[in-house]
Amino acid sequence: MRLSPLIPTVLRNLAKKPATNLFPKMEPVPVPENFRGRLIYDVDKCVGCRMCVTVCPAGVFVYLPEVRKVTLWTGRCVFCSQCVDVCPTNALKMSDEFLLASYDKYDEKFIWFKEEEIEELKKKLEEQKKAKEAAKKAENK
Ligand code: SF4
Ligand code: SF4
């Protein structure tokens, strides 16, 4: 009977340590530089230019004309980074975060700029507008 040529390799490997990463007991394998993880949006830096809305292939962004910002639901994101590359103010960036499993597709971590924040900004803009108008009136008197 002819023995398998794999036997020496198998015997050698039996004596070696396992090469697996025992996640979640161990830390996951580190991500490389420029890894494309969960998208992060900095509302304050956004100037409402809508470039991200135009380039996103997955329909993640919705433009809000009343506050000149965007809302985003990253549940749809395909991590292509096109929005990050096109944003003129660096309001978008890709993080190292990749453990994104959730029971809820509308989990808070997938949504940026929520209803209550939009309302708050609307109020703030309204107040700023009124203050400007009042200042103009006072100037004209
Ligand atoms: S990374 Fe790609 S898919 Fe995700 S929001 Fe940006 S453009 Fe859209
Ligand atoms: S591209 Fe950047 S600045 Fe323009 S709307 Fe999108 S997030 Fe805002």
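Our subject is the structure that appears above.
Thresholds applied
Residues numbered from 1 in each chain as written. Chains lettered and ligands numbered in written order. Predicted model: local features only at pLDDT ≥ 70, side-chain atom pairs only at ≥ 80, totals over all residues. Heavy atoms only, no water. Pairing = 2+ DSSP bridges. Helix = DSSP H or I, 4+ residues; strand = E, 2+ residues; numbered from the N terminus.

A. Examining the sheet that holds strand β2 (residues 61-64) more closely. Across the sheet, which stays open at both edges, the 3 strands sit in the order β2-β3-β5 with antiparallel pairing between neighbours. Edge strands, defined here as strands with exactly one partner in the open sheet, are β2 and β5 (111-112). Bridging between strand β3 (residues 69-73) and β5 involves 2 bridges; their strand directions are antiparallel. Following the sheet pairing, L72 is matched in β5 by W112.

B. Examining unusual backbone geometry more closely. Of note, the amide linkage connecting F23 to P24 takes the cis form, showing an omega dihedral of 10 degrees. Relative to the assigned elements, P24 resides in the loop between α1 (7-14) and β1 (39-41). Positive phi outside glycine occurs at S81, with the angle close to 70 degrees. Topologically, S81 is positioned in the loop between β3 and α3 (82-86). For F113, which is not glycine, the phi dihedral falls at a positive 65 degrees. With respect to the element layout, F113 can be found in the loop between β5 and α4 (115-140).

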